[in-house]
Amino acid sequence: QVQLVESGGGLVQAGGSLRLSCAASGGTFSNYAMAWFRQAPGKDREFVAGITRSGGRTFDAEAVKGRFPISRDNAKNTVYLQMNSLKPEDTAVYYCAASPRALYSSRYQLEQTYDYWGQGTQVTVSS
């Protein structure tokens, strides 16, 4: 069973950048497809970005396309979310998630795909 711990959240002005990290332990990291989700106050949790086990393919939501590249370092058991050109509407708790299965691309955006979740890290973007 894998444990996930996010870090890197905080308060930033609109237009700024943050890099989130998610450190995994307790499993073979390269066996897990990974993703980032977020949940804003009063809203459902939504998919942000996903990455295959090798890191060879990535997927992102339309709302963050071109701004939030996802990457992973399997040697460091860590997945990253580089958040650029931040907007106030990006304010949310950001969660990383892991799935031990090989996934069709359409599955990455679905919460039920993932077996393991981190505790979340708060990102607040001021206007």
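In this report, the structure presented in the accompanying data block is examined. Computed from a predicted structure; not experimentally measured.

The rules behind these values
- Residues numbered from 1 in each chain as written.
- Predicted model: local features only at pLDDT ≥ 70, side-chain atom pairs only at ≥ 80, totals over all residues.
- Heavy atoms only, no water.
- Core = buried A, V, L, I, M, F, W, Y, C linked by side-chain atoms within 4.5 Å.
- Buried < 20%, exposed > 50% of the residue type's maximum accessible area, 1.4 Å probe, protein only.
- Helix = DSSP H or I, 4+ residues; strand = E, 2+ residues; numbered from the N terminus.
- Contact = heavy atoms within 4.5 Å.
- Pairing = 2+ DSSP bridges.
- Axes fitted to C-alpha atoms, helices over the stretch in contact; angles between N-to-C directions.
- Phe/Tyr/Trp six-rings, centres within 6.5 Å; stacked < 30°, edge-to-face > 60°.
- Lys NZ or Arg CZ within 6 Å of the ring centre and 35° of its normal.

## Some words on the nonpolar core
Then, in step 1: Ranked by internal contacts, the top residues of the largest apolar core, which has 38 residues, are Leu 4, Met 34, Trp 36, Leu 81 and Tyr 94.
Then, in step 2: Among the secondary structure elements, those contributing two or more residues to this core are strand S3 (18-25), strand S4 (33-39), strand S5 (46-51), strand S8 (78-83), strand S9 (92-99) and strand S11 (121-126).

## Let's talk about the environment of Ser 71
Then, in step 1: Summarising the element assignment, Ser 71 is placed in strand S7 (residues 70-73).
Then, in step 2: Put simply, Ser 71 and Gly 50 are 21 residues apart on the chain and 8.8 Å apart in space, counted from C-alpha to C-alpha.
Then, in step 3: Excluding residues within four positions of it along the chain, Ser 71 makes contact with Ile 51, Val 79 and Tyr 80.

## Side note on the sheet that holds strand S1 (residues 3-7)
Then, in step 1: A sheet is described by the order of its strands in space; here four strands give the open sequence S1-S3-S8-S7, paired in antiparallel fashion. In this open sheet, the two strands that pair with only one neighbour each are S1 and S7. Recorded for the sheet is a direction-independent mean angle of 20° between the axes of neighbouring strands.
Then, in step 2: Looking at chain direction, S7 and S8 are connected through four bridges and run antiparallel. Across the sheet, Ile 70 pairs through a bridge with Leu 81, a residue of S8.

## Focus on the environment of Tyr 116
Then, in step 1: In this structure, Tyr 116 sits in strand S10 (residues 116-117).
Then, in step 2: If near-sequence neighbours (up to four positions away) are discounted, Tyr 116 is found in contact with Gln 1, Val 2, Leu 4, Tyr 32, Cys 96, Ala 97 and Ala 98.

## Quick look at the packing of aromatic side chains
Then, in step 1: Summed over all chains, the structure comprises six aromatic pairs.
Then, in step 2: Taking 6.1 Å as the distance between ring centres and 70° as the angle between the ring planes, the aromatic pair formed by Tyr 32 and Tyr 116 counts as edge-to-face. Placement of Tyr 32 in the loop between S3 and S4 and of Tyr 116 in strand S10 is noted, with a sequence separation of 84 residues between them.
Then, in step 3: Residue classification places Tyr 32 among the buried positions, given a relative accessible area of 10%.
Then, in step 4: Through successive ring pairs, a cluster of aromatic residues spans Phe 37, Phe 47, Tyr 114 and Trp 117.
Then, in step 5: Directly above the ring of Trp 117 sits Arg 45, whose terminal nitrogen or CZ lies 3.9 Å from the centroid.
Then, in step 6: Residue placement shows Arg 72 over the ring face of Phe 29; its charged tip is 4.4 Å from the ring centre.

## Quick look at the side chain of Ser 21
Then, in step 1: Here Ser 21 shows up in strand S3.
Then, in step 2: With relative accessibility at 16%, the residue Ser 21 sits in the buried group.
Then, in step 3: Setting aside its immediate chain neighbours within four residues, Ser 21 contacts Val 5, Glu 6, Ser 7, Trp 36, Thr 78, Val 79 and Tyr 80.

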